[in-house]
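# Tertiary structure, described
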Amino acid sequence: MAQFGRPSTDTVNEGYTDQAGGSTTIYTTIDETTFDDADYVRSALAPTNDVYVTKLTNIEDPLVSTGHVLRYRYRKDSAAGAQIDLTVQLRQGYVSEVSQGTLIATQSHTNIAETATAAAYTLSGAEADAITDYTSLYVRFVSNQV
């Protein structure tokens, strides 16, 4: 049976807001079951390694090394026009920027586009096997203007 870990709390927020400019409980704008571009989280227009981390809801160990997929959408503000790079990481046991836990998987996106782009990263068997606690998974976003 398929399980889905969804954002459940704002763990670290260094300059991110929701689409309305709010900065608290912004995880609620990205916890939907289907993509919805009407609500989202965003970095500052000129981010300098801005970090946002959200904890995922608890899921059970599926006892298989396949079918682990990290899905998200990303884009930059068309008004800014600058090159924005984005790094997305799946981490286990994240506490803070000083104690980031175990890096499970990472994806880098260079010079992201102005149109929403869907990403679906399938973890390798080794990456999936590196997860030892499915109740302690986090997604870490780092945006940077180049």
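Residues numbered from 1 in each chain as written. Predicted model: local features only at pLDDT ≥ 70, side-chain atom pairs only at ≥ 80, totals over all residues. Heavy atoms only, no water.

By the definition in use, this model includes two salt bridges. The salt bridge involving Asp 37 is made with Arg 73; its shortest N-O contact spans 2.7 Å. One end of the pair, Asp 37, is in the loop between β2 (17–18) and β3 (41–42); the other, Arg 73, is in strand β5 (residues 69–74), with 36 residues separating them in the sequence. A relative accessible area of 31% places Arg 73 in the partly exposed class. (Salt bridge = Lys/Arg side-chain N within 4 Å of Asp/Glu carboxyl O. Helix = DSSP H or I, 4+ residues; strand = E, 2+ residues; numbered from the N terminus. Buried < 20%, exposed > 50% of the residue type's maximum accessible area, 1.4 Å probe, protein only.)

Okay, the pairing of strand β6 (residues 84–92) next. On a regular strand, one side chain projects to one face of the sheet and the next to the other, so that they alternate. A large share of β6 lies buried, amounting to seven of its nine residues. With nine bridges joining them, β6 and strand β9 (residues 137–145) adopt antiparallel strand pairing. Note that in β9 the partner of Arg 91 across the bridge is Tyr 138. Two strands pair when backbone bridges link them, and β6 and strand β7 (residues 102–109) are joined in this way by seven bridges, in the antiparallel orientation. Among the inter-strand pairings, Gln 92 is bridged to a residue of β7, identified as Thr 102. (Pairing = 2+ DSSP bridges.)

Attention shifts here to the nonpolar core. Within the largest apolar cluster, 24 residues are counted, with the highest numbers of intra-cluster contacts made by Val 88, Leu 90, Leu 123, Ile 131, Val 139 and Phe 141. The set of elements that each furnish at least two residues to this core consists of β4 (50–56), β5, β6, β7, β8 (117–122) and β9. The element best represented in this core is β6, accounting for four residues. Apart from the residues lying within four places of it in its own chain, the contact partners of Phe 141 are Tyr 16, Asp 50, Val 51, Tyr 52, Leu 86, Thr 87 and Val 88. Listed in part, the six residues of the second largest apolar core include Val 12, Val 51, Tyr 138 and Val 142. (Core = buried A, V, L, I, M, F, W, Y, C linked by side-chain atoms within 4.5 Å. Contact = heavy atoms within 4.5 Å.)

Using the criterion set out here, one finds five aromatic pairs in the structure. Their ring planes at 40° and their centres at 5.7 Å tell us that Tyr 16 and Tyr 52 sit as a pair that is tilted. Of this pair, Tyr 16 sits in the loop between β1 (7–13) and β2 while Tyr 52 sits in strand β4; the two residues are 36 residues apart in sequence, bridging distant segments of the chain. Relative accessible area serves as the criterion here: at 0%, Tyr 52 is assigned to the buried category. Ring centres of Tyr 72 and Phe 141 lie 6.4 Å apart, and the angle between their planes is 85°; on these two criteria the pair is classed as edge-to-face. Of the two residues, Tyr 72 is situated in strand β5 and Phe 141 in strand β9; the sequence distance between them amounts to 69 residues. Each member of the aromatic cluster is reached from another via a ring pair, and the members are Tyr 16, Tyr 52, Tyr 72, Tyr 74 and Phe 141. It is Lys 55 that lies over the ring of Tyr 138; its NZ or CZ is 5.9 Å from the centre. The cationic tip of Arg 73 hangs over the ring face of Phe 35; the distance from NZ or CZ to the ring centre is 5.3 Å. (Phe/Tyr/Trp six-rings, centres within 6.5 Å; stacked < 30°, edge-to-face > 60°. Lys NZ or Arg CZ within 6 Å of the ring centre and 35° of its normal.)

On to the sheet that holds β1. The antiparallel open sheet is built from five strands, whose spatial order is β1-β4-β9-β6-β7. Each edge of the open sheet is held by one strand with a lone partner, namely β1 and β7. Going across the sheet, the axis of each strand differs from the next one's by a mean of 20°, ignoring polarity. Two elements, β1 and β4, share five bridges in a ladder whose sense is antiparallel. Bridge pairing in β4 places Asp 10 opposite Thr 54. (Axes fitted to C-alpha atoms, helices over the stretch in contact; angles between N-to-C directions.)

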